[in-house]
Amino acid sequence: DIDFNRDVRPILSDRCFKCHGPATQKAKVRLDSLDHAKKKDAIVPGKPDDSLVVGRITSKDAGEVMPPPDSGPPLTEEQVKTLKAWIE
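Residues numbered from 1 in each chain as written. Predicted model: local features only at pLDDT ≥ 70, side-chain atom pairs only at ≥ 80, totals over all residues. Heavy atoms only, no water.

A. Local environment of the nonpolar core. One finds Leu 12, Leu 31, Ala 42, Val 53, Ile 57, Leu 75 and Leu 83 to be the most contacted residues of the largest nonpolar core, which totals 17 residues. Secondary structure elements with two or more residues in this core: α1 (4–15), α4 (52–58) and α5 (77–87). (Core = buried A, V, L, I, M, F, W, Y, C linked by side-chain atoms within 4.5 Å. Buried < 20%, exposed > 50% of the residue type's maximum accessible area, 1.4 Å probe, protein only. Helix = DSSP H or I, 4+ residues; strand = E, 2+ residues; numbered from the N terminus.)

And the structure:
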């Protein structure tokens, strides 16, 4: 089972909160709060393919992919699987 605090929060904290956390919300997307993330369809519970986060972290387009190429390497395949499984 995927546990948010054990498995998901560390990924988001390390890779996403700099731009989409409590202090900064680029594009008005905040990922440290599920309620905020759901408002922007960043996370659509039960529907990873409809969640903007999944679209962005799996994008091959350098202008769309998150995190941006200039902020570090993309998420690992395992991290992507973890986020998808948690959203599912």
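B. The arrangement of the packing of α1 against α5 in detail. Interhelical geometry of α1 versus α5 gives an angle of 125 degrees and a closest axis separation of 10 Å. Of the possible angle classes, the one that applies to α1 and α5 is oblique. Here the hand of the crossing between α1 and α5 comes out left-handed. Taken together, the residues of α5 that come into contact with α1 (itself represented by Phe 4, Asp 7, Val 8, Ile 11, Leu 12 and Arg 15) are Gln 79, Thr 82, Leu 83 and Trp 86. (Axes fitted to C-alpha atoms, helices over the stretch in contact; angles between N-to-C directions. Parallel < 35°, antiparallel > 145°, perpendicular 65-115°, else oblique. Left-handed = near helix turned anticlockwise from the far one by under 90°. Contact = heavy atoms within 4.5 Å.)

C. Spotlight on unusual backbone geometry. Residues Met 66 and Pro 67 are joined by a peptide bond in cis, for which omega reads -10 degrees. For Pro 67, the location among the structural elements is in the loop between α4 and α5. At Ala 27, a position not held by glycine, the phi torsion is positive, near 55 degrees. Inspection of the secondary structure assignment puts Ala 27 in the loop between α2 (17–20) and α3 (34–39). Here Lys 28, not a glycine, exhibits a phi torsion of approximately 60 degrees, which is positive. Looking at where Lys 28 falls in the secondary structure, it is placed in the loop between α2 and α3.

D. Empty space enclosed by the protein, seen in detail. Within the structure shown, the criterion is met by one cavity of 30 Å³ or more. Around the largest cavity sit Leu 12, Leu 31, Ile 43, Val 53, Leu 83, Trp 86 and Ile 87, which together line it. When residues in the lining of the largest cavity are grouped by element, the largest group, three residues, is from α5. Of the residues contributing to the lining of the largest cavity, the split by class is seven nonpolar, no polar and no charged. (1 Å grid on protein atoms, 1.4 Å probe; cavity = no way out; pocket = protein on both sides within 12 Å on 5 of 7 lines; lining within 4 Å. Points joined across faces, edges and corners; volume = space filled by probe spheres on them. Nonpolar A, V, L, I, M, F, W, Y, C, P; charged D, E, K, R; others polar.)

E. Representation of the environment of Asp 3. Inspection of the secondary structure assignment puts Asp 3 in the segment before α1. Linking Asp 3 and Gly 63, residues 60 residues apart in sequence, is a C-alpha distance of 31 Å. Among the polar contacts listed, one links the side chain of Asp 3 to the backbone nitrogen of Asn 5, at a separation of 3.3 Å. Within the structure, the side chain of Asp 3 is placed 2.8 Å from the backbone nitrogen of Arg 6, a separation counted as a polar contact. (Polar contact = N/O pair within 3.5 Å; in protein donor to acceptor, adjacent residues only side chain to side chain.)

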